[in-house]
Every structure is written in C-alpha cells, then in structure tokens.
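# Chains, contacts and geometry: an overview
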Amino acid sequence: MIKTRFAPSPTGLLHVGNIRTALHNWMLAKQSGGQFLLRIDDTDAQRSKEEYVDAIRVDLAWLGLVPDGEERQSDRLAIYDAAFDALKAAGRVYPAYETAQELDLKRKIQLGRGKPPIYDRAALEMTEAEQAAKQAEGIEPHWRFKLDHDEMITWDDGVRGPQKFDPVTLSDPVIRRADGSWLYMLPSAVDDMDMGITHVLRGEDHVSNTAVQIQMFTALHAAQFTAAQNAAKPHPNFAHEALLVGKEGKLSKRLGSLGMDAFRDAGLEPMALVSLLARLGTSQPVEAHDDVATLLESFDLGTFGRAPAKFDEADLERLNTAIVHQLDYDVVADRLPEGMGADAWHAIRPNLEKIGDAAEWWRLVTGPIDAPEFSDEDRAYLGHAAEALAWGDDPWRMLTGALKESTGRKGKALFLPLRQALTGQDHGPDMGELLPLIGEDAVRARLASAAA
Ligand code: GLU
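In what follows, the accompanying structure is described. (Residues numbered from 1 in each chain as written. Predicted model: local features only at pLDDT ≥ 70, side-chain atom pairs only at ≥ 80, totals over all residues. Heavy atoms only, no water.)

Glancing now at the overall build of the chain. Scanning the chain from terminus to terminus reveals 20 helices and 12 strands. Radius of gyration (C-alpha) of the chain: 32 Å, far over the 22 Å computed for a compact globule of 452 residues. Taking all 452 residues of the chain together, the buried fraction comes to 48%. Look at the contacts in the chain between residues 6 or more apart in sequence, and 74% of them connect residues 24 or more apart. Here the chain displays about 21700 Å² of accessible surface, and carbon together with sulfur accounts for 50% of that area. Averaging the locations of the 49 positively and 71 negatively charged side chains of the chain gives two centres separated by 6 Å. (Helix = DSSP H or I, 4+ residues; strand = E, 2+ residues; numbered from the N terminus. Rg over C-alpha atoms; globule rule 2.2 N^0.38 Å. Buried < 20%, exposed > 50% of the residue type's maximum accessible area, 1.4 Å probe, protein only. Contact = heavy atoms within 4.5 Å. Areas by Shrake-Rupley, 256 points an atom, 1.4 Å probe, with all protein chains shown as cover. Lys, Arg positive; Asp, Glu negative; His and termini not counted. Charge placed at Lys NZ, Arg CZ, Asp CG, Glu CD.)

Now for the site of the ligand. For the ligand, the full set of nearby residues is Arg5, Ala7, Ser9, Asp41, Tyr184, Ser188, Arg202 and His206. At a separation of 2.8 Å, a nitrogen atom of the ligand approaches a polar backbone atom of alanine 7. Arginine 202 has a polar side-chain atom sitting 2.7 Å from an oxygen atom of the ligand. Coverage of the ligand by the protein amounts to 77% of the 290 Å² it exposes when considered alone. (Near = heavy atom within 4 Å. Polar contact = N/O pair within 3.5 Å; in protein donor to acceptor, adjacent residues only side chain to side chain.)

In contact at an axis separation of 9 Å, helix 6 (residues 185-194) and helix 7 (residues 207-222) are set at 60 degrees when each is read in the N-to-C sense. Classed by the angle they form, the pair helix 6 and helix 7 counts as oblique. At the point where helix 6 passes helix 7, the crossing takes the right-handed sense. From helix 6, Met185, Leu186, Ser188, Ala189, Val190, Asp192 and Met193 reach across to helix 7, where they touch Asn209, Val212, Gln213, Met216, Phe217, Leu220 and His221. Its residues assigned to classes, the contact of helix 6 with helix 7 comprises nine nonpolar, four polar and one charged. (Axes fitted to C-alpha atoms, helices over the stretch in contact; angles between N-to-C directions. Parallel < 35°, antiparallel > 145°, perpendicular 65-115°, else oblique. Left-handed = near helix turned anticlockwise from the far one by under 90°. Nonpolar A, V, L, I, M, F, W, Y, C, P; charged D, E, K, R; others polar.)

Moving on: the side chain of glutamine 163. For glutamine 163, the location among the structural elements is in strand 7 (residues 161-165). The class for glutamine 163 is buried, based on a relative accessible area of 11%. Within the structure, the side chain of glutamine 163 is placed 3.3 Å from the backbone oxygen of arginine 160, a separation counted as a polar contact. Beyond its immediate sequence surroundings of up to four residues, glutamine 163 is in contact with Ile153, Thr154, Trp155, Asp157 and Val207.

Spatial ordering of the open sheet is given by 1-2-3, a layout of three strands whose pairing is parallel. The sheet terminates laterally at strand 1 (3-6) and strand 3 (69-72), the two strands that pair on one side only. On average, each strand axis in the sheet is tilted by 30 degrees relative to the strand beside it, whichever way the strands run. Note that strand 1 and strand 2 (residues 35-40) share four bridges and pair parallel. (Pairing = 2+ DSSP bridges.)

Here we take up the nonpolar core. Counting 81 residues, the largest nonpolar core has Phe263, Leu273, Phe311, Trp345, Leu418 and Leu447 as its most contacted members. A per-element tally of this core places helix 1 (residues 16-30) first, with eight residues. Not counting residues up to four positions away in its chain, the partners in contact with leucine 418 are Tyr381, Leu382, Ala385, Trp396, Leu399, Thr400, Leu403 and Leu447. Judged by nonpolar contacts, the second largest core, of 34 residues, contains Leu147, Ala189, Val200 and Ala219. (Core = buried A, V, L, I, M, F, W, Y, C linked by side-chain atoms within 4.5 Å.)

Note that every value here comes from positions in space, so none of it alone points to a role or purpose.
As structure tokens, this is what we get:
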C-alpha cells in the first residue's frame, strides 16, 4: 500500500507551491487507495506557530485533501534522540565546534580559490584534548552526520529518472544544534522510515537532501535502529517535481506570499485550484474538473516535466468560470441568496465567473431594478409591450413574437429596450428563463414604469 506524507513547517501560511506538493502526495496515495499523512515539521520551536498549524488543516480541508493521520515532530523528540544515539554509536555523527562566522570564512576562502564550499571535516581531526578544551570554555558542539565517502549515492527518481551523487561533493550536514534542537534532515528521515512512508514526493530543491537522507536511511538500518517499521525496504521511493514559478519567472512575492485564504476570499472554487495544480507542469491538459475522480485516475508521475511549472492566475480564473458553469444547484444551494431556486441558478449560472456574483444577478430578479431613461419612441414601444404581454408557458417568446409582428422591430431594437426595462442591464441571463422568475406582476409593472 502506498503511503505518502505532506510535511509542512508551520512557520507561515501555505502557498500554491506547498499546496501543489500536498495535492500530488494526496493523489499519489489516493489513486490506489493508499494513505496520506500530514506531518507537522515543528522542530523549530521558535518559528513554529499553532495558528499556522490550524491554517494548514483548514486549507487541506478546503481543498478536500483529508489526511489519514496527523503526526507532529515535536511529539517525537525521544525517537530522534534514540536515532541519534544509534548513529553516534555507529560512528556516523560527530561533534563540531566551529562558529557560524568561522564556517562562513572557510566558505569564502574556498570560493575565492575557485573550490566548492564543502565542509572540510576539520572537526574530525580534533583530538580529545582539544574537544575537552572547548567544553571547558563552555562551548557546546553542534553535530554533523558523517557521510560515507566510499559509495556513490544513486536512486531512480519518480520524475527525474536515475540520479547519481558523489558524496564527496556534499558537506556532512549539521543535524543538531548546540542547544540540542534538531535541524530538518535527520528527523525527516527517521519519520519517513518509522511511519512506513513508501513514496516521498517533494520539490526539486530537496534533491541533494535526498542524497544525504538515503545515507541516513542506510546508516539507521545498519545501526539496527529499532523504530523502523519499514525495515523491508532500505528507503522510500523518491520523486522530485520541478518547482512552480510565476508567469514571468520566479513565483512573484505577491503570489508566493498569498495564503489559501486569499484564494478563498477571492471567491475561487477549490476545484479550480485542484484542476490547475493537478496537471500544471505535466504533459496532460489542464482542464476544468468539478470532481477529482478523473484527475485521480489519470494522475501519473511519468507525465511530470522537468521544466518549471508556470502558475498564472488567469488560468485559475478561467478554470473557475468553467467549473461554476458546470456546478449543479444542489452543490451550490447553500451558498446562494435566500429564495434563489434551481431554475434561477440555471438561468444565472452561465453569466457567473464566481458563485458569489449570483447575488447581483438575483437582485435583478427580485428588484427593484434601475432602468435607464428611454427615448419617446422606446417608451411608446414599452407601453405597447405592457399591453401585449400575455402570460403562458413561454411568455418571453410570446411577447417578442407578438411585438415583432405588431411593430416590425427586430434584432436589437426589438430585444434591448425590453431587456433594459426588465433588468436594467444591457446583457445578462437568457430572458426566456428570467421572465418566469421575475413573475407576471413584476414584469408588467416594470414595463409600465419604463413606459411612463
Ligand atoms: N518540512 C520540510 C519542508 O517544508 C519537508 C520537506 C520534505 O518533504 O521532506 O520543506
């Protein structure tokens, strides 16, 4: 069974890029009846906020991405301690005492010499006496994971194909700060292992993290770290999707910083976002779907492209309009103005970009409306219309048929004054559908008042 996870750090609101990752992980799991886990990466106690955890839950629920379980890294610190101890006993973590400034200087010197800024492992050379001296000064070490330099790191990436990393080109990552707090790298690997995650799907900014984490999985297995439930496999499958960018390059500050509440407030349908993000950057067509089933069925990592996916708000608006035009009354009923029934929804729906706009059109039915000033000729015409009005099965057709015959008017001259007199607008929903909604008395009154 496929098991995926979405692992946001609750240090801010989710933006479209995060949501896209969440959606793809949900789809990958749900496509085959698997499980989708929400993992809150809140080891950074200072920057993590409960309000962001709540916002993450609200956003996922809004999009219909219901997790099968929720885990929090802050509840699992003892497990990371145990993993750390196992790696330490196996000689795979080591203390380091450099300050941030010292490390920065080292990097600058390396770059100045035209060398890649890889950590030089100076800490490994420290004698016990030197370490003791640091401790005596009250300096606590931070901890690095010792990469195994002897073997190439390889994996078959679900999006990028075969990947190969020479560990010599990577720095031994710092996994734990001097105050004992955790950096992202080890807890994530421990959790993926312990929670039996079968597929890790994330952005390509994590590719080199994956190289490091593969060595962590291997080391944890070798150290027989017992929290591992997924011992059958050395590590999950990995897939890294190309990043999401804005129309003109990087995801703009504005969009990049927009939380899902901004999309909700704009009156957009969650399925518009789902329709767009499900297939953006894949070789499959981006189309409006008011139901996730088709998207789920066709979801295929093999169709994901390597080029950055371009997010354009105009696409979202277009999809939203198309989705609104597909929605059945039952689905939207509780979001419509009081009294607006199925017939009215049907009449008004083709004119909407957002469901929220329905109220405006509905007001044209319930009145009062704001009709324009008419010419003498049109007033006479509308007076004539008020007299000619007969109520029946299709009053609009009967009325315009009769007027055409009696006045010789046709096209715009026939229809527009009527539409204006009855709705106050130059365009809008089908008049044939609107008239029964407005009702005989109001139609007669509006014509009469326009003629007066
Ligand atoms: N908390 C990490 C992030 O937000 C998770 C990365 C991952 O998927 O492993 O980038």
